[in-house]
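Inside the fold
For reference, the chains in residue letters:
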Amino acid sequence: MNSRFSFRPFLFSLVSPLRVPQVPLAVAFTASLLGFSSLSPLPARAQTAPATAKPIVVNIDGRVSSPDPAPLLEGGVVYVPLRGVLENLGARVEYFPAEKRIEIRQNDKTYVLRPGIANATVGSEILPVAAPKLVAGRAFVPLRSIAELFGYRVGWLSAERTVAIYTNDSIKPVFVDHRAQLRSGGAFGVAIDFAGAPLAEIPRLLDAAKSAGAGLVKTRFDWNTLQPEKNGAFDWSVYDAVVREARARGLKVVGVLGNSTQWASVSLSNQPDEWRNSPPKESELAAWSNYVKRVVGRYRVDVQAWQVWENPSAQNFRSVPRNYRNLLRLATEAARQSDAKAIVHAAEPGGVELDFIGDLTRNGLTSIDGVTVFPVAQWQPGVANAPESFILPYAILREQGGRGRDYWLGGASAPVVELKTPDASLTEAQRELLVNFSPAAQADYLVRLFALSLAGGREKLFWNPLQDSPPSASEALSPFVAGTGLVRSDGTRRPAFNAFKMMSANVGSRPYAGNLSFDRNAIALLFDDKKTGTLVAWSPNGAASLNLSSSGLPDPRLPGSTFVATRPDSQVLDSSGAVIAPPDGVIRLTQRPVVITNVGLDTATAAAARLGAGGLRLAPSGTSYAAAQEVRATFTSDGVEDGLFWRRFQNFGGMARKFSTYYQEQNGLVTEAQREILDLQSSKPFIYLDVADDFLFNAGGVPVTITVEVRRPPASSGSSIINSASGFRVEYDSPTGYKSTPFQIVEPGEGWATYTFAIPDASFANAEGYDLLINTNGSKRNLTFGSLAVRRGAPSVAQPVQ
Amino acid sequence: MRKLVLAVAVVAAGAATFVAAPQAQAQQYPSVAGLTPFSPEANFMSLPGYLRYRYFVTSRTWISYEEAARIAAGG
């Protein structure tokens, strides 16, 4: 037996027992230690094990023994015989009955315990431990004392009546409590793709994850890496190394199941992007189930949760949602065959799509443990999306998502563009790119998204990826370096790495504890573990300030400023963790977040008073449309957006940008038909719209009436209707995806026409960033749109419907 | 390590487009269910062709015709 013991007093006493079953304290404490199954509830009265019960055995590092006397179970507390267990661990135990003193010697240290006394003397130190007791002249100690004194991992496996002791963190336990493991991993993780990585890279990447402050690592257990040949043997080498190295570093692993192998993929292409990201064909679904069963079976103590596919957007899952649900169903069944307690999560396609999440339940997928969400930094390429967009979806998940379901943030990411070498010959567009996607902007985004996500109830947050992939041959020639990782491909760290570390140290381990402000002027979120608190603050509209004071004086109530009580040792940090201001004075808030550590008690109290039970929602600003019957938009350069917004989509693909210029007449927004057959971007056939969220959001399929005002195109002589037909359709967000009205021909003539559409099932959940789309594809001529209105309910009799 | 497919393209008009992966994405395939091929509502295209075109407009990414045909058929 290995006699090298690490002495880590109170290491495991720091584990919070927040969610352990309601059992006596000593037992609960033991249950919260790493790696062991939950305990069965025990009666409070002291009792000895019945004579017919199987004797309790001891499992030390995988070796089972039956010490004499056997361990005891009394009053819900497990007592182990000192001599019978510790001597098996290489210690020397002596009992001096006259002095009522128990002496344990190991590794040149002497521990002195006394029956009934709840402390131990180690040299000149006195350490509190659970009191040992004498039974029939033999000394017993509560199991947790073994952990307290010697730093072992211990546990009580009630079903097996086994005391389990592990002396070495690198030894794999026989059983795990996945939830306890996940709790010990903390809130923050990084995603790393090991498929194709050399084995030598694995330790380095995991060291980087650890340095960043991650407690969790998410990785795909890539099917094609594991089983490259049809009916072939599984090659476990890569992922055996991953779980082993992760365990050695105390990192908890979350696994992703997927993607397809080349031989199983429904795609016939040789392009890895295509076959990898397409689902398996129907004839290989049995192989998919087998892969899941084998992987979960092999790694059931190493991997604490499984997610089915990563971010199944169109690019990553090249099929329809029905096929994703089928894979999810098969994977859940197969995983539970290998591990009845496997935690299985679905993944949503991106943008926190509430309709997709609701569809999982509507299609009978109720046995999954949660859905991993992917808030996006860009709705479309180059179109930045603020983290505040996800406040409302988060609130709805919290309120309606189902009790006990996980909704982790599966992969936050934000792109960065940097110049390899200074270059004076940049275009205006390139300069703008460098500013909008700077490393500092990435760090700011991380802080804001993580703070909002934690406050919004996302219990685990992953950044994807930890490190950029090596550049391709063409990328190596580009003057730009671009990526989304915390670490560049050459191993150097971006400011977001420090942001992640700073958030992990100051925020991740502290629960959300309320806010000082939560509106468009200022967001100030407090994270507090009842010992110290950290405030994360910024201003979405750049028009707020904080007034900091460490003097202990009360809020002077400066108008337009939020008071923050600090302490002399408080630090005011930027996203990268650099100190930017002293803990006293006024700080102007911008969209760049500030992080204030060690806030004063007054601030903690003020924030706690604003901690509500429901989901966190932004305080309304401006006009409220909650009671309105109609919202409307007018499509002129100075047109009104009365609860219906279109200007925010100016950079979306195909969005109309030109206004008509009829002199002294009503004008509108002009959609442009395609002129150049080979230039698909020559057309601007769309008008995107967003309905005010307090008017309708995630409505679940309600009837609305849409009225569109469009100018009739002039009659063209000598042309057939096929060559000159103009028309449009309206696409809208429904509970089952975007749907469309029939194509509406706009008859040529003079003046304006109004068309009314009855929509039976509107959801308006901003699935891809918008609720409505005017689509003029197929119109041979440009069309000018004057306005659009959305009214609650079906059309009235007076409104003819198309 | 999954290969980073990254392209930075500067359009002649001065606006910059930026496509980066891997990063969380939200675009899904447009629905072509119920559309009549080669009709105005399908932009006078085949359904796979229209699906490819529509997806390109919002994602700046082309999918193959084979993929588009499979998805248009519901697979």
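Conventions used here
Residues numbered from 1 in each chain as written. Chains lettered and ligands numbered in written order. Predicted model: local features only at pLDDT ≥ 70, side-chain atom pairs only at ≥ 80, totals over all residues. Pairing = 2+ DSSP bridges. Helix = DSSP H or I, 4+ residues; strand = E, 2+ residues; numbered from the N terminus. Axes fitted to C-alpha atoms, helices over the stretch in contact; angles between N-to-C directions. Contact = placed C-beta atoms within 7 Å. Nonpolar A, V, L, I, M, F, W, Y, C, P; charged D, E, K, R; others polar. Core = buried A, V, L, I, M, F, W, Y, C linked by C-beta atoms within 7 Å. Buried ≥ 20, exposed ≤ 12 C-beta atoms within 10 Å, placed from the backbone. Expected span 1.5 Å × (residues − 1). Domains from an automatic or database assignment.

**Considerations on the sheet that holds strand E18 (residues 344-347) of chain A**
Residues and elements named next belong to chain A. The strand order E19-E18-E17-E16-E15-E14-E24-E22 describes an open sheet built from eight strands, whose pairing is parallel. Where the open sheet ends on each side, the last strands, each with one partner, are strand E19 (370-372) and strand E22 (409-412). The mean angle between the axes of side-by-side strands here comes to 30°, regardless of whether they run parallel or antiparallel. Both E18 and E19 contribute to a ladder of three bridges, which runs parallel. Residue pairing across strands places His345 opposite Gly370, the latter belonging to E19. Each of E22 and strand E24 (461-463) is contacted by helix H14 (residues 439-455), which is oriented at about 160° to E24, the strand it contacts most.

**Thoughts on the interface of chain A and chain B**
Contact residues are listed per partner, giving 62 residues for chain A and 46 residues for chain B. Of all the secondary-structure elements, those providing two or more residues to the side of chain A that touches chain B are strand E20 (378-380), E22, helix H13 (428-436), strand E25 (480-483), strand E42 (727-734) and strand E43 (737-740) of chain A. When residues in the side of chain A that touches chain B are grouped by element, the largest group, five residues, is from H13(A). Here the side of chain A that touches chain B is built from residues that sort into 27 nonpolar, 26 polar and nine charged.

**Description of the sheet that holds strand E11 (residues 138-142) of chain A**
All names here are of chain A. Read from one edge of the open sheet, four strands run E3-E4-E11-E10, paired in antiparallel fashion. The sheet is open, and its two borders are formed by strand E3 (72-74) and strand E10 (133-135), each paired with just one other strand. Neighbour-to-neighbour, the strand axes of the sheet open up by a mean angle of 40°, direction not taken into account. Here E3 pairs with strand E4 (residues 77-81) via three bridges, running antiparallel. Bridge pairing links Glu74 to Val77 in E4.

**A closer look at the nonpolar core**
Residue and element names in this part refer to chain A. In this structure, Val190, Ala209 and Leu446 are the most contacted members of the largest nonpolar core, which totals 179 residues. The biggest single contributor to this core is H14, with eleven residues. Core analysis: the next-biggest nonpolar cluster, separate from the first, contains 33 residues, Val80, Leu86, Val141 and Tyr152 among them.

**A look at the environment of Arg557(A)**
Residue and element names in this part refer to chain A. Positionally, Arg557 belongs in the loop between strand E29 (544-549) and strand E30 (561-565). On the basis of neighbour count, Arg557 is assigned to the exposed category, with 8 C-beta atoms found within 10 Å. As a C-alpha pair, Arg557 and Asn547 span ten residues in sequence and 9.0 Å in three-dimensional space.

**Focus on helix H10 (residues 321-338) of chain A**
Residue and element names in this part refer to chain A. Helix length check: H10, at 18 residues, gives a terminal C-alpha distance of 26 Å against a target of 26 Å (1.5 Å per residue), a fit within 8%. Restricting attention to buried positions, one finds in H10 the residues Pro321, Asn323, Tyr324, Leu327, Leu328, Ala331, Thr332, Ala334 and Ala335. In this structure, the buried residues of H10 make contact with strand E16 (252-258), helix H9 (285-298), strand E17 (303-308), E18 and helix H11 (354-362).

**Digging into the domain arrangement of chain A**
Often, the extent of an interface is quoted as the loss of accessible area on bringing the components together. Residue and element names in this part refer to chain A. According to the domain assignment, chain A contains domain 1 (12-175), domain 2 (179-415 + 440-472 + 494-508), domain 3 (512-608) and domain 4 (630-792). One C-alpha centre belongs to domain 2, the other to domain 3, and the line joining them spans 33 Å. Listed by partner, the interface residues are 15 residues for domain 2 and 15 residues for domain 3. Broken down by secondary-structure element, the contributors of at least two residues to the side of domain 2 that touches domain 3 are H14 and helix H16 (495-508). Looking at the side of domain 2 that touches domain 3, its residues break down into nine nonpolar, two polar and four charged.

**Some thoughts on the pairing of strand E41 (residues 702-711) of chain A**
Residue and element names in this part refer to chain A. Two elements, E41 and strand E45 (residues 752-762), share nine bridges in a ladder whose sense is antiparallel. Among the inter-strand pairings, Val710 is bridged to a residue of E45, identified as Ala753. Inspection of the sheet shows E41 paired to strand E47 (residues 783-792) by seven bridges, in the antiparallel sense. By the bridge assignment for E47, Val708 is matched with Leu788.

**Brief notes about unusual backbone geometry**
Excluding glycine, a negative phi dihedral is what most residues carry, and trans is how most peptide bonds are arranged. The omega torsion across Asp68(A) and Pro69(A) is 5°, close enough to zero to call that bond cis. Within the secondary structure layout, Pro69(A) lies in the loop between strand E2 (63-65) and E3. Look at Arg60(B): it is not a glycine, yet its phi comes out positive at around 60°. Under the C-beta neighbour-count criterion, Arg60(B) is labelled partly exposed, with 18 such atoms within 10 Å.

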